[in-house]
Amino acid sequence: MEKTVLNYSIKDGVFHIIWNMVFVVLGIYFLSLINVEKFTFKFSNLVLPIVAVLFIVVYGKKAVMTLFNFHKKIIFSQEGLELNEIFYEWKDIVFPRVIVKTEHTAKYNLSYKEFYLTFVYKQKTIEIKIDDYDVSENEIKELLKKYTPKFTPNTMSENKTVYQPIHDFDQIITLEQYYDLEYEDSEEAIKDIQKLAVKDLESVKRFCENNLYTQPDKVRFVYYALSEDEDLDKWADFLSDEFRRVYQIGLDQNNVKELSSVINEIIVETIDSYRAEGVREVLLKALDHKNFEIRLNALEFLPDWIDEQVLKSNSAIVSKLRQKLKDPEWKIRWETSKLLERNKIAFESLSTLDKLRRFINP
């Protein structure tokens, strides 16, 4: 059986270990400065040993955990995808793709990009940071095309899909048709959609509005193609507005789940804009919906539209999320706690019962 194995990056792992060990050694050095004979339990004398022990424990743990990562692998095969010894069958995988997230380190005021392989598996979103492995984002995309059944040409057919250049809206293909194209043709299809948008973005918008229900797979491909642009900021306002518009339609017509498959293709890198704030408004509105699935759906989308910096400057979002820790549904409470923890926001710990529920109902 053909398969492709991607190993954890030894080079990056060794760098992380060395970096963490610097702080461990620093902690040991701090301990060596303590004069045991003159030591008293005054606050001023306790600061140095506390800092030293924290350095040794925290960074030592990180170094050891990195050692345990060296065995991790991503394995592509015709049957499915294996991530760190957990196997996912292609038949249950939805929307496999590579996304980019802009992370912000508030302490050093630095922004940097990280790439993730993500997909939905049995209604649960799976993400794995591919920067930790010996592979690039483009190589992952090619592997998805090679192994995912919907990308694999039908072996029973002698005729391959022939790509016809897209010059107008009547020629726009569906996302499924895009998946059937050869790699070079698929790249050309994306560029053709981008050219249409550059030429007349208002017409692209009207196409998406008029065909949301009649040709949703074509609208999905439009969103996907624009989200694949290397200069993603060029379409940030348009894609943000489209996400908000379509999601609001889903709320008004109580069919968010159906329309989520369309806006799942929207990726926006810049999330500190006025338009992105509009997306957050509609998602926060959905968090108060009486339907549990709609509230959970909003929580699944929200991480793509917030980060530490956004939450730091928007107390209303933090307040709303803390309210959701009291939601009647335990799964809402659990997902909210993970979201707050991921963005380093303090919150009241969940009950022991909720924590047990997580293990009983994974």
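Each value, and the rule that gives it
- Residues numbered from 1 in each chain as written.
- Predicted model: local features only at pLDDT ≥ 70, side-chain atom pairs only at ≥ 80, totals over all residues.
- Heavy atoms only, no water.
- pLDDT = per-residue confidence, 0-100.
- Contact = heavy atoms within 4.5 Å.
- Patch = residues over 30% accessible without salt bridge, like charges linked within 9 Å, V, L, I, M, F, W, Y side chains within 5 Å.
- Areas by Shrake-Rupley, 256 points an atom, 1.4 Å probe, with all protein chains shown as cover.
- Salt bridge = Lys/Arg side-chain N within 4 Å of Asp/Glu carboxyl O.
- Helix = DSSP H or I, 4+ residues; strand = E, 2+ residues; numbered from the N terminus.
- Buried < 20%, exposed > 50% of the residue type's maximum accessible area, 1.4 Å probe, protein only.
- Pairing = 2+ DSSP bridges.
- Arc of directions from axis to C-beta.
- Axes fitted to C-alpha atoms, helices over the stretch in contact; angles between N-to-C directions.

Under the annotation held in an unreviewed UniProt entry, the protein chain carries the name HEAT repeat-containing protein and is attributed to Flavobacterium tagetis.

Time to look at the confidence of the model for the protein chain. Caution applies to low-pLDDT parts of the model: their predicted coordinates are not meant to be read in detail. Averaged over every residue, the pLDDT of the protein chain is 83; the share at 70 or more is 88%. Under a pLDDT of 50 for its full length, residues 104-110 has, in the predicted model, 10 contacts with residues more than four places off or in other chains. Residue range residues 152-159 is modelled with pLDDT below 50. Its contacts to residues more than four positions away, or to other chains, number four contacts.

This part is about a nonpolar patch on the surface. Together, Leu31, Ile50, Val53, Leu54, Val57 and Val58 line one region of the surface with nonpolar side chains, adding up to about 490 Å² of accessible area. If you tally residues by element for the nonpolar patch, the top one is helix H2 (residues 43-69), at five residues. Given the relative accessible area of 48%, isoleucine 50 is considered partly exposed.

What follows concerns unusual backbone geometry. The phi dihedral of asparagine 84 is positive, around 50°, even though this residue is not glycine. Within the secondary structure, asparagine 84 is located in the loop between strand S3 (80-83) and strand S4 (86-89). Here asparagine 84 falls in the partly exposed class, since its relative accessible area comes to 26%. Even without being a glycine, lysine 344 presents a positive backbone phi close to 60°. Note on placement: lysine 344 falls in the loop between helix H14 (330-342) and helix H15 (352-360).

Below, the discussion takes up the pairing of strand S1 (residues 3-7). Side chains Thr4 and Leu6 project from S1 onto a buried face, and the interleaved Lys3, Val5 and Asn7 project onto a face without burial. The pairing of S1 with strand S2 (residues 73-77) spans five bridges and is classified as antiparallel. Note that in S2 the partner of leucine 6 across the bridge is isoleucine 74.

Before going further, it helps to spend a moment on the pattern of salt bridges. Within this structure, the stated rule accounts for 19 salt bridges. Salt-bridge contacts for arginine 220 lead to glutamate 265; the nearest nitrogen and oxygen are separated by 3.3 Å. Taken together, the residues span a long stretch of sequence, with arginine 220 in helix H7 (residues 216-227) and glutamate 265 in the loop between helix H9 (256-263) and helix H10 (274-286) at a distance of 45 residues. Assigned by exposure class, arginine 220 and glutamate 265 land together as buried. In this structure, glutamate 335 engages lysine 338 in a salt bridge whose closest nitrogen and oxygen atoms are separated by 3.5 Å. One end of the pair is glutamate 335 and the other is lysine 338, both in helix H14 and three residues apart, which spans about a single turn. A relative accessible area of 24% places lysine 338 in the partly exposed class. Where salt bridges share partners, they join Asp288, Arg295, Lys320, Lys324 and Asp327 into one cluster.

Time to look at H9. Those residues of H9 lying buried are Val256, Leu259, Ser260, Val262 and Ile263. For H9, the angular spread of the buried residues around the axis is 155°, confining them to a single face. Those residues of H9 hidden inside the fold are in contact with H7, helix H8 (236-253) and helix H11 (292-301).

Working definition: the strands of a sheet are paired by backbone hydrogen bonds and lie parallel or antiparallel to each other. With respect to topology, four strands assemble into an open sheet ordered S1-S2-S3-S4, the strand pairing being antiparallel. Looking at strand neighbours, the two that pair on one side only are S1 and S4, the edges of this open sheet. Along the sheet, successive strands turn relative to each other by an average axial angle of 15°, direction set aside. Seen against the sheet, helix H3 (residues 137-147) touches S1 and S2 and runs at an angle of roughly 155° to S1.

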